[in-house]
Amino acid sequence: MGLGTGTRITDASAPATAGSRPAMTGASTIEFSDVTKRYPGPAGNGAAVDSFSAVLPAGSITVLLGSSGCGKTTLLRMVNRMVEPTAGRILLDGEDVQDGSPVALRRSIGYVMQNAGLLPHRRVLDNITLVPRLNGTGRSAARARARELMDMLGLAEDLADRYPGQLSGGQAQRVGVARALAADPGVLLMDEPFGAVDPLVRRDLQRELLRIQGELAKTIIFVTHDVDEALMLGDEIILLREGAQIAQRGTGAQLLADPADDFVARFLGLDDADRVLRLADVAGGRVVLDRVGRAIGRIDADAEMRS
Ligand SMILES: Nc1ncnc2c1ncn2[C@@H]1O[C@H](COP(=O)(O)OP(=O)(O)OP(=O)(O)O)[C@@H](O)[C@H]1O
């Protein structure tokens, strides 16, 4: 569909990243082909996911945005086979995720969930090294990499020996991200990972994620129902209705500038006098303004031209 990566609406206070995308480190293209999931239940229940198809480019962040119950988590969990589809196929670099064992698949894909999902009886460092160790990485190499990741995520060294219960919510989420990255997966699945932390910490975590992605260039699927988060993080946003029907797919700038219908406009808050987002041209690019004219994000001009 001719969309460039890197077209996200970036934090207005952050340095521009246009044209500075790094080489990919084994990131995979993800293809959903006519994927349907019907959970068992009373006949007549609609499908949680109904014939969803999309190709997600390697090395980019795709945000699945939509209201509660529209099928975001189900879509995400079918990638690592925590949920099995009723029909359709999901391909990673052309290979069907159904070929091979689900355990091996899960160890090759990073997964971050809302409450970090850390093992409570294992120290931080052991949580991070768990999957690499299961994959056969030696103890000292796994620990060295874990310390690198802690550093990358702004986690102080002395947190390594703490238990998850001794961490703040923001620290726990950082550990969750470090753990998901530890086995150097090509794909990172993030299910409302920053939903449970306060807005300031959430902003920090979003910035950290973009910075890390600038270095690692994973293929990330990021689930959220928060429009601002989607605009900030998504190279591309897929806005979903019930049954994971695609209401619109595009860069944040495209959705804001040209919403496909009333549902999209309402979801983005474009019809809401209390929460109007709009675009403005400024020297060096375009910014997204909130209702009081405060710049909440900047549109990557180079990437916009590529799109
Ligand atoms: N294990 C299950 N058994 C039966 N129905 C389920 C199951 N898991 C999810 N569903 C249903 O499937 C639909 C999609 O759920 P899903 O969790 O994928 O949505 P979501 O968009 O991630 O929602 P949220 O933002 O609230 O997490 C919902 O109607 C939900 O009730």
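Keep in mind it's a predicted model, so treat the numbers as computed, not measured.

**What to know about the overall build of the protein**
Right, on to step 1. The helix and strand inventory of the protein stands at 10 helices and 14 strands.
Right, on to step 2. Evaluated residue by residue, the protein yields a buried proportion of 42% over its 307 residues.
Right, on to step 3. In the protein, of all internal contacts separated by at least 6 residues, the share reaching a separation of at least 24 is 68%.

**Points about the environment of R139**
Right, on to step 1. Structurally, R139 is set in helix α4 (residues 139–152).
Right, on to step 2. Given 10 C-beta atoms within a 10 Å radius, R139 is considered exposed.
Right, on to step 3. Distance in space between the C-alpha atoms of R139 and T129 is 8.1 Å, their sequence separation being 10 residues.

**Topic: the pairing of strand β5 (residues 87–92)**
Right, on to step 1. Where strand β2 (residues 30–37) lies against β5, 5 bridges are found, and the strand directions are antiparallel. By the bridge assignment for β5, F32 is matched with I90.
Right, on to step 2. For β5 and strand β6 (residues 95–96), the ladder comprises 2 bridges, and the chain directions are antiparallel. Looking at β6, one finds that L92 is bridged to E95.
Right, on to step 3. The hairpin formed by β5 and β6 contains 2 residues between the paired strands, and D93 there has a positive phi angle of roughly 50°.

**Things to note about helix α3 (residues 124–134)**
Right, on to step 1. Taken residue by residue, α3 has V124, L125, N127, I128, T129, V131 and P132 as its buried positions.
Right, on to step 2. Buried-residue contacts for α3 involve α2 (102–107), α4 and α5 (169–181).
Right, on to step 3. Immediately downstream of α3, the backbone of G136 shows phi near 100°, a positive value.

**Section: the sheet that holds strand β10 (residues 236–241)**
Strands in a sheet are paired, the pairing made by backbone hydrogen bonds, and the direction either parallel or antiparallel.
Right, on to step 1. What the 6 strands build is an open sheet, ordered β7-β8-β9-β4-β10-β11; its pairing is mixed. Sheet topology places β7 (109–112) and β11 (245–250) at the edges, where each strand pairs with a single neighbour. The mean inter-strand angle of the sheet, taken between neighbouring strand axes irrespective of direction, is 15°.
Right, on to step 2. Against the sheet, α5 makes contact with β7 and β8 (187–191), and its axis sits at roughly 170° relative to β7, the strand it touches most.

**Looking at the nonpolar core**
Right, on to step 1. Counting residues in hydrophobic clusters, the biggest one holds 71 residues, and the most contacted among them are L64, L65, V79, A178, L189 and I221.
Right, on to step 2. Lining this core are residues from two domains, each supplying at least three of them: domain 1 (16–108 + 186–270) and domain 2 (118–184).
Right, on to step 3. Residues in contact with V79, not counting those within four places in the same chain, are I30, I90, V97, I109, V187, L189 and I221.

**Quick look at the confidence of the model for the protein**
Low-pLDDT portions of the prediction should not be read for the details of their coordinates.
Right, on to step 1. Within the protein, residue pLDDT values average 84, and 79% of them lie at 70 or more.
Right, on to step 2. For residues 1–6, every residue scores under 50 in pLDDT, and the model assigns this stretch 18 contacts once sequence neighbours within four places are set aside.
Right, on to step 3. Across the interface, the model reports ipTM at 0.97; the global pTM reads 0.84.

**Some words on the site of the ligand**
Right, on to step 1. Every residue near the ligand is listed here: Y39, G41, A48, G66, S68, G69, C70, G71, K72, T73, T74 and H225.
Right, on to step 2. Among the elements that make up the shell around the ligand, the one with the highest residue count is helix α1 (residues 72–79) (3 residues).

**Quick look at the sheet that holds strand β3 (residues 49–56)**
Right, on to step 1. Overall, antiparallel pairing links the 4 strands, which are arranged β3-β2-β5-β6 in an open sheet. Lying at the two open borders of the sheet, with one neighbouring strand each, are β3 and β6.
Right, on to step 2. Across the sheet, α1 is in contact with β2, β3 and β5; its angle to β2 comes to roughly 120°.

Criteria and thresholds
- Numbers given to residues run from 1 along each chain, matching the order in which its sequence is written.
- Whole-chain, interface and lining totals are the exception, using all residues; otherwise, since this is a predicted model, local features are given only for residues with pLDDT of at least 70 and side-chain atom pairs are given and counted only at 80 or more.
- Numbering of helices and strands runs from the N terminus; a helix is a DSSP stretch of H or I covering at least four residues, while a strand is a stretch of E covering at least two.
- Each residue is classified by how many other C-beta atoms fall within 10 Å of its C-beta atom, where C-beta atoms are placed from the backbone; a count of 20 or more means buried, 12 or fewer means exposed, and values in between mean partly exposed.
- Whether two residues are in contact is decided by their C-beta atoms, placed from the backbone, lying within 7 Å.
- Strands are labelled as partners when DSSP assigns at least two bridges between them.
- Note on definitions: angles span 0 to 180 degrees between N-to-C directions of axes, and those axes are lines fitted to C-alpha atoms, for helices only across the stretch in contact.
- What we call a nonpolar core is a set of buried Ala, Val, Leu, Ile, Met, Phe, Trp, Tyr and Cys residues whose membership is set by joining through C-beta atoms within 7 Å.
- These domain limits were set by an automatic method or by a database of domain assignments.
- Confidence of the predictor in every single residue is expressed as pLDDT, which spans 0 to 100.
- All residues are tested the same way: a C-beta atom is placed from the backbone, and lying within 6 Å of a molecule or strand makes the residue near it.

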